[in-house]
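These are the residues of each chain, in order.
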Amino acid sequence: SGVGLGVGAAGPNAVAAAAPPRPLGQVVPEPSSVQPGGAPYTLGRHAVIDASGPAAQVGQYLAGLLRPSTGYALPLTHDARPGAITLRVAHMPGLGGEGYRLDVRDSGVLIEADAPAGLFHGVQTLRQLLPANVEARTPQAGPWTVAGGTITDTPRYAYRGAMLDVARHFFTVAQVERYIDELSLYKINYLHLHLTDDQGWRIAVDSWPKLATYGGSTEVGGGPGGYYTKAQYEQIVRYAASRFMTVVPEMDMPAHTNAALASYADLDCDGVAPPLYTGTNVGFSSLCVAKPVTYTFVADVLRELAALTPGPYLHIGGDEAHSTSAADYTTFTDKVQPIVTGLHKTVMAWNEITDAHPVKGAIAQYWGTTGTEASVIAAAKAGTRLVMSPANHAYMDMKYDKSTVLGLNWAGYIEVEDAYNWDPATFVKGAPASAVYGVEAPLWSETLTTSADIDYMAFPRLPAIAELGWSPAATHDWNSFSVRLAAQGPRWDAMGIGYYHSAQVPWP
Ligand code: TNX
């Protein structure tokens, strides 16, 4: 230790006389505890990654991140050597299943966690503390220096989600995996896939094959659409799991079901299949609540979805059922929720479920804008958990301002500060803070067709929602956030993420 700037330049951890490393804690989401101090660490050409046993997988992931830009071999080892990055699963009281401790000294970096998920989050923090060009996929000039000190970090909420609407426009496995990688940088741990809607059915169902082959054959605007085979969907689930992210599949019903109704005439009350739909209206379709075949269909699809889902949640939609009477809506949700629990899964649904009878343990995803809906407040008081996605703050498909070409504006414009300045714990007035299970940033795709479109709408707002989900409420501060966010810009440039250059953010 004691190697200062420009001193002892011959050692493997010598610090070149370059710009000082970014301050410890200049990370999004803000860590819960940051204690800067001590000499910085510099990743050297001969460094190793000491990660074995339960830490090996995250070690490989870290090596994969660092090798292309550093050009270093970074072999995985089973022993700590001077200058190593060590990842270790150890009993860490108080850190929970996702927390970690990151210790940076000139002699090495140590990340410790109770579980591999914590190591993974710690690696994301370390990654952000390295210079932005570490993200490049070709060799770059270092030095790869990280400020000294200790970060101890645990999430505020257990559920930190992002939703991608693959129904309005279809996105390929590769496009979804790209988004998963982007989300993991911000410690998002749930990926909600909106798999079905009026414009398309995006998952193969063996018992009802036309859902995908016919119902998935178009999209908004009349393009070719598409669907995931079960093998492709399992690949997404596995890829997400490799980033410690759990997939939440959504089958939206009883409304938003034109693609299903078009595929099977039997599902329609009048027995007549409507044409496929490629517009962007909502609220015109409904499953036939009175027909027994409706519940055979729902049970078949949910059974096949559950079999593809290692995670605990099945999302049953339930939003905007404007063509279903209130009585039918309640009848329907009373019948469908037990199908989910019978599959040993937990019900998730949009907050309209609170107008009916959410089953014990259900999670309502709040997408209102006022936080005053009496049914949501009453349900939260009665034990229904809330995932917070208020449309006027958390909807990544809203335009930033009136000049934004992509997106919608029914919930208003959402600048970066609007995405950040709200509190998940208090947004629904009168709901107990303990009812709030987490946050989610939905990205609806009526106007989005490419990964570039996804990137532009999600960045830089997604990191704002991610910070609300991870960082302690006490750290909430726009000035601090905007500075830490600004430092992400060069990283996104290096990653090929085209983002909205908001005038609110002091980009370097
Ligand atoms: C409302 S939010 C919807 C979606 C649309 C979205 C567009 C929700 C539960 N339903 O069907 O895609 O607005 O912002």
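In this convention, every chain numbers its residues from 1, walking through the sequence in written order. This being a predicted model, a pLDDT of at least 70 is required before a residue's local features are given, and a value of 80 or more before pairs of side-chain atoms are given or counted; all residues contribute to the totals for chains, interfaces and linings. Just so you know, side-chain values use all the structure's heavy atoms and leave hydrogens and water out.

A short note on the site of the ligand
Cut-off, in case you're wondering: Whether a residue is near a molecule or strand is decided by its heavy atoms; if any one of them lies within 4 Å of it, the residue is near. Within 3.5 Å is the distance limit for a polar contact, defined as a pair of N or O atoms, with the added protein rule that one can donate a hydrogen and the other accept it, and that residues adjacent in sequence qualify only through two side-chain atoms. Exposure was quantified through the Shrake-Rupley algorithm and a 1.4 Å probe, taking into account, for residues, occlusion by the shown protein chains and nothing else. Three categories are distinguished: nonpolar for Ala, Val, Leu, Ile, Met, Phe, Trp, Tyr, Cys and Pro, charged for Asp, Glu, Lys and Arg, and polar for the others, with Gly belonging to the last.
Around the ligand, the structure places 14 residues, and the nearest of them are Arg 168, Tyr 395, Asp 397, Trp 410 and Glu 446. Between an oxygen atom of the ligand and a side-chain N or O atom of Arg 168, the distance comes to 2.7 Å. Within the contact set of the ligand, an oxygen atom lies 2.6 Å away from a side-chain nitrogen or oxygen of Glu 446. In the complex, the protein chains occlude 98% of the 360 Å² of accessible area that the ligand would expose alone. Of the residues belonging to the shell around the ligand, the class tally is 8 nonpolar, 1 polar and 5 charged.

A look at the packing of aromatic side chains
Cut-off, in case you're wondering: Two rings from Phe, Tyr or Trp (for Trp, the six-membered ring) form a pair when their centres sit within 6.5 Å of each other. Planes less than 30 degrees apart are called stacked, planes more than 60 degrees apart edge-to-face, and all others tilted. Secondary structure elements are defined from DSSP: runs of H or I of at least 4 residues count as helices, runs of E of at least 2 residues count as strands, and each element is numbered from the N terminus. Burial classification: accessible surface area is computed with a 1.4 Å probe over protein chains only, and a residue below 20% of its type maximum counts as buried, one above 50% as exposed, and the rest as partly exposed.
Tallied over the full model, the rule gives 30 aromatic pairs. Judged by centre distance (6.3 Å) and plane angle (50°), the rings of Tyr 395 and Trp 444 are tilted. On the criterion of sequence distance, the pair formed by Tyr 395 in the loop between helix 10 (391-394) and helix 11 (416-420) and Trp 444 in the loop between strand 19 (436-443) and helix 12 (451-458) is long-range, its members being 49 residues apart. Per residue, the accessibility class of Tyr 395 equals that of Trp 444, and both read buried.

What to know about the state of the cysteines
Filter applied, for reference: Note that a disulfide, as used here, is simply two cysteine sulfur atoms within 2.5 Å.
The full count for this structure, using the stated rule, is 1 disulfide. Between the sulfur atoms of Cys 269 and its disulfide partner Cys 288 the distance amounts to 2.0 Å. Where Cys 269 bonds to Cys 288 through sulfur, the torsion about that S-S bond is close to 95°, and the disulfide is right-handed. Within this pair, whereas Cys 269 is found in the loop between helix 6 (258-263) and helix 7 (292-307), its partner Cys 288 is found in the loop between helix 6 and helix 7, the two being separated by 19 residues in sequence.

Digging into the packing of helix 13 (residues 461-470) against helix 14 (residues 478-486)
Filter applied, for reference: Every axis in this analysis is a line fitted to C-alpha atoms, fitted for helices over the stretch in contact. Angles between the N-to-C directions lie between 0 and 180 degrees. Note on angle classes: values under 35 degrees are labelled roughly parallel, values over 145 roughly antiparallel, values of 65 to 115 roughly perpendicular, and the remainder oblique. The sense of a crossing depends on the near helix, which, turned anticlockwise from the far helix by less than a right angle, makes the crossing left-handed and, turned clockwise, makes it right-handed. Any two residues whose heavy atoms approach within 4.5 Å are treated as being in contact.
The interhelical angle for the contact between helix 13 and helix 14, taken along N-to-C directions, is 130°, at an axis separation of 11 Å. Looking at the two axes, helix 13 sits oblique to helix 14. Helix-helix and strand crossings are classified by hand; for helix 13 and helix 14 the assignment is right-handed. Contacts between helix 13 and helix 14 involve Pro 463, Ala 464 and Glu 467 from the first element and Phe 481, Arg 484 and Leu 485 from the second.

Overview of the pairing of strand 16 (residues 346-350)
Here is the key point about a regular strand: its side chains alternate between the two faces of the sheet. Condition: When DSSP finds two or more bridges between two strands, those strands count as paired. If the strands point away from the viewer and the path from the first strand over the helix to the second runs clockwise, then the crossover is right-handed.
Here strand 16 lies mainly inside the structure; 4 of its 5 residues are buried. In this sheet, strand 16 lies alongside strand 15 (residues 313-317) in parallel orientation, the contact comprising 3 bridges. Residue Leu 314 lies in a different strand from strand 16, and its bridge partner there is Val 347. Viewed along the sheet, the connection from strand 15 through helix 8 (residues 326-342) into strand 16 turns out right-handed. The pairing of strand 16 with strand 17 (residues 363-366) spans 3 bridges and is classified as parallel. Opposite Ala 349, over in strand 17, you have Ala 364 as the bridge partner.

Considerations on the domain arrangement of the protein
Definition in use: Boundaries between domains were set according to an automatic or database domain assignment. Simply put, the buried area is the total loss of 1.4 Å probe accessible area from both parts when two parts are fitted together. Salt bridge, as used here: a side-chain nitrogen of Lys or Arg that lies within 4 Å of a carboxyl oxygen of Asp or Glu.
Parsing the protein into structural domains produces domain 1 (33-153) and domain 2 (159-387 + 421-445). Computed from C-alpha coordinates alone, the two centres of domain 1 and domain 2 are separated by 37 Å. Listed by partner, the interface residues are 14 residues for domain 1 and 9 residues for domain 2. For the pair domain 1 and domain 2, the two sides together bury roughly 1,000 Å², of which 57% comes from carbon and sulfur. In this structure, the connection of domain 1 to domain 2 is made through 1 salt bridge. Here Arg 160 and Glu 98 are joined by a salt bridge, their closest N and O atoms 2.8 Å apart. Put simply, domain 1 and domain 2 have 4 residue pairs in polar contact (both at pLDDT 80 or more) between them. At the level of elements, helix 1 (56-70) and helix 2 (116-129) are the ones that each hand at least two residues to the side of domain 1 that touches domain 2. Of the residues forming the side of domain 1 that touches domain 2, the biggest block, 8 residues, is contributed by helix 2.

Regarding the packing of helix 1 against helix 2
To characterise two packed helices, one gives the angle between the axes of the helices and the distance between these axes. Relative to each other, helix 1 and helix 2 sit at 20°, their axes nearing to 10 Å. By the angle class used here, helix 1 and helix 2 are roughly parallel. In the crossing of helix 1 with helix 2, the sense of the turn from one axis to the other is right-handed. Residue-level contacts link Val 58, Tyr 61, Leu 62 and Leu 65 of helix 1 to Pro 116, Leu 119, Phe 120, Val 123, Gln 124, Leu 126 and Arg 127 of helix 2. Tallied by class, the residues present in the contact of helix 1 with helix 2 amount to 9 nonpolar, 1 polar and 1 charged.

Comments concerning the sheet that holds strand 15
Pairing between the strands of a sheet comes from backbone hydrogen bonds, and it takes one of two forms, parallel or antiparallel. Spatial strand order, 10-11-14-15-16-17-18-19: 8 strands in a closed barrel with parallel pairing. Taking the axes of each pair of neighbouring strands and ignoring which way they run, one obtains an average angle of 30° across the sheet. Where strand 14 (residues 246-253) lies against strand 15, 2 bridges are found, and the strand directions are parallel. If you follow Met 253 over to strand 15, its bridge partner there is Gly 317. Here helix 5 (residues 230-242) sits on the sheet in contact with strand 11 (190-194) and strand 14, set at roughly 135° to strand 14.

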